[in-house]
Each structure stands twice: as C-alpha cells, then as structure tokens.
Amino acid sequence: MVRPIVLYSAPILRRKAQEVYLHDPSLPQLIQDLWDTMYNAEGIGLAAPQIGVSSQVFVVDVREVQSPNEQPFKSVFINPRILSATSTLSIREEGCLSIPGIRERIARPAEIEIEYYDERFALHRRHFTGIVARVIQHEYDHLMGRLFIDYLSPVRRQLLRQRLKRIAAGEVEVSYPLTSYVA
Ligand code: ZN
C-alpha cells in the first residue's frame, strides 16, 4: 500500500527508530508498504520513519542508477549496524523524498561494512562501495534521526533556510502523497 511520505520537520524524522522484533506480525506489511511507497515516488531508498513508522527498517533498490560494471542491488535492511566506514570520502549529489526539490553535494565515507537482517531474517555482513554505500548511509541516517542536510555547511544551510521553511509548511509540488506532521 502506498503511504504518504513524511515531510521534513516532522518530529518522527528526528527520533532514533526502534529496533524491530523479527517475528513481529506487522513486519511483512511494513516492508511491502516501503516498496510500494518508494516505487510510487520513484525513489531509490526509503526508511520506515519516512512513512510514519519509527522502526529500524529501510529498503534500497538502486538498479536504475548503478553503473553497468556494478552488481545490481536491491535489498531490505532490518536492524542494520554500520560496523566501519572508510576515512576516504566521496562527494555526490543527494536528495530525499522527505525534502522534495533540494539536491546538494554531500561528502560521505566511500566504503562501509554493515550488518543487517533481510526479510527472510538471514543475517548479512557485507562491504559496500559506490552508489550502494551512499544510499545505505542515507537511509541508515534516517533510522538515527539524521537527514542529509545536517551535513551541509552553516552557510549553505542558511541559504536554503527559506526553501526548507516552505517544505516544512507543505508548500511542495510532487507527484506522491505527503504528510507534514507525524509526532
Ligand atoms: Zn531520505
């Protein structure tokens, strides 16, 4: 089911999400709703707090934006932990379905090691690079109550202040349903 995406400034996007009980009967529906909502908004990643559920789950499907030499990647991440990240950074433009219309160049560790459960409760410990590593870090941040704009310089943030205010007020034009307040 497509659910409305929670807009920037809603308190739920600033809270650390709860760890998930793997056998929670509502988990399969949550995962399905994340996929439905993400594809409907033409996103490449979506975290549970963005659909109003403060749980440590996110989905990633970057197949459309990967370069041909990369292994096509699509996965569900449950209770993920980033175990390590390289000090080497990569800079790339990022956006967020909860902050429509804003795209900014963000520096992030180029490679990460992460442990997570998939939807069949299999535990993975994997190393990621490139666009996959970037999207995973962006979505992982959502579970920690962080947003990509937190990495901007104070000057850059100041320049975006009015636009962020308008987004927070719901003054955005997008093709997917939004909700502006979720506690
Ligand atoms: Zn986001």
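What counts, and where the lines are drawn
- Residues numbered from 1 in each chain as written.
- Predicted model: local features only at pLDDT ≥ 70, side-chain atom pairs only at ≥ 80, totals over all residues.
- Heavy atoms only, no water.
- Donors = N, O, S within 2.8 Å, 3.2 Å for Na, K, Ca; no water.
- Helix = DSSP H or I, 4+ residues; strand = E, 2+ residues; numbered from the N terminus.
- Buried < 20%, exposed > 50% of the residue type's maximum accessible area, 1.4 Å probe, protein only.
- Expected span 1.5 Å × (residues − 1).
- Contact = heavy atoms within 4.5 Å.
- Phe/Tyr/Trp six-rings, centres within 6.5 Å; stacked < 30°, edge-to-face > 60°.
- Lys NZ or Arg CZ within 6 Å of the ring centre and 35° of its normal.
- Core = buried A, V, L, I, M, F, W, Y, C linked by side-chain atoms within 4.5 Å.
- Bend = angle between axes of the 7 residues up to and from the residue.

Colleague: Tell me about the coordination of the zinc ion, and please be specific about residues and values.
Modeller: Coordination of the zinc ion by the protein comes from Cys96 (SG), His138 (NE2) and His142 (NE2), over a distance range of 2.0 to 2.2 Å. One chain supplies every donor to the zinc ion, and in sequence these donors are spaced C-x41-H-x3-H. Of this pair, cysteine 96 sits in the loop between strand E5 (89-94) and strand E6 (104-109) while histidine 142 sits in helix H2 (residues 130-143), placing them 46 residues apart in sequence. This pair shows no difference in class: cysteine 96 is buried, exactly as histidine 142 is.

Colleague: I'd like a rundown of helix H1 (residues 27-40), residues and numbers included.
Modeller: Over its 14 residues, H1 extends 20 Å from the first C-alpha to the last, a length consistent with the 20 Å expected when each residue adds 1.5 Å. Looking only at H1, the buried set comprises Leu27, Leu30, Ile31, Asp33, Leu34, Trp35, Thr37 and Met38. Buried residues in H1 make contact with strand E1 (5-6), strand E2 (45-47), strand E3 (57-61) and strand E4 (74-85). Just downstream of H1 lies glutamate 42, where phi reads positive at about 55°.

Colleague: Kindly report on the packing of aromatic side chains, identifying the contributing residues and their values.
Modeller: Per the stated rule, a full pass over the model turns up six aromatic pairs. Aromatic side chains phenylalanine 73 and phenylalanine 77 sit 6.1 Å apart centroid to centroid with 50° between the ring planes, which places their arrangement in the tilted category. Take phenylalanine 73 and phenylalanine 77: they sit in the same class, and that class is buried. Grouping aromatic residues by their ring pairs yields a cluster made of Phe58, Phe73, Phe77, Tyr116 and Phe128. Sitting above the plane of the tryptophan 35 ring, lysine 74 keeps its charged end 4.6 Å from the centroid.

Colleague: Please give an account of the nonpolar core that cites residues and values.
Modeller: Formed by 20 residues in total, the largest nonpolar core has its most connected members in Leu30, Leu34, Leu46, Val57 and Ile78. Within the residue set of this core, elements represented by two or more residues are H1, E3 and E4. In terms of residue count, the dominant contributor to this core is H1 (six residues). In this structure leucine 34 touches Leu46, Ala47, Ala48, Ile51, Val57 and Val59, once residues within four positions along its chain are discounted.

Colleague: Provide a residue-level description of helix H3 (residues 154-168), including the pertinent values.
Modeller: At arginine 161, H3 shows its largest bend, some 50°. Within the span of H3, buried status applies to Leu160, Leu164 and Ile167. Elements that come into contact with the buried residues of H3 comprise E6. Following H3 by one or two positions, glycine 170 has its phi on the positive side, about 85°.

Colleague: Would you mind going over unusual backbone geometry in detail, with residue names and values included?
Modeller: Leaving glycine aside, a negative phi is the common case for residues, and trans is the common case for peptide bonds. Even without glycine at this site, serine 9 takes up a positive phi of about 95°. Looking at the secondary structure, you find serine 9 in the loop between E1 and H1. A positive phi angle, close to 70°, is found at phenylalanine 121, a residue other than glycine. Examined against the element boundaries, phenylalanine 121 turns out to sit in the loop between strand E7 (111-117) and strand E8 (123-129). Owing to a relative accessible area of 33%, phenylalanine 121 belongs among the partly exposed residues under this scheme.

Function-wise, these values are silent; they only describe arrangement.
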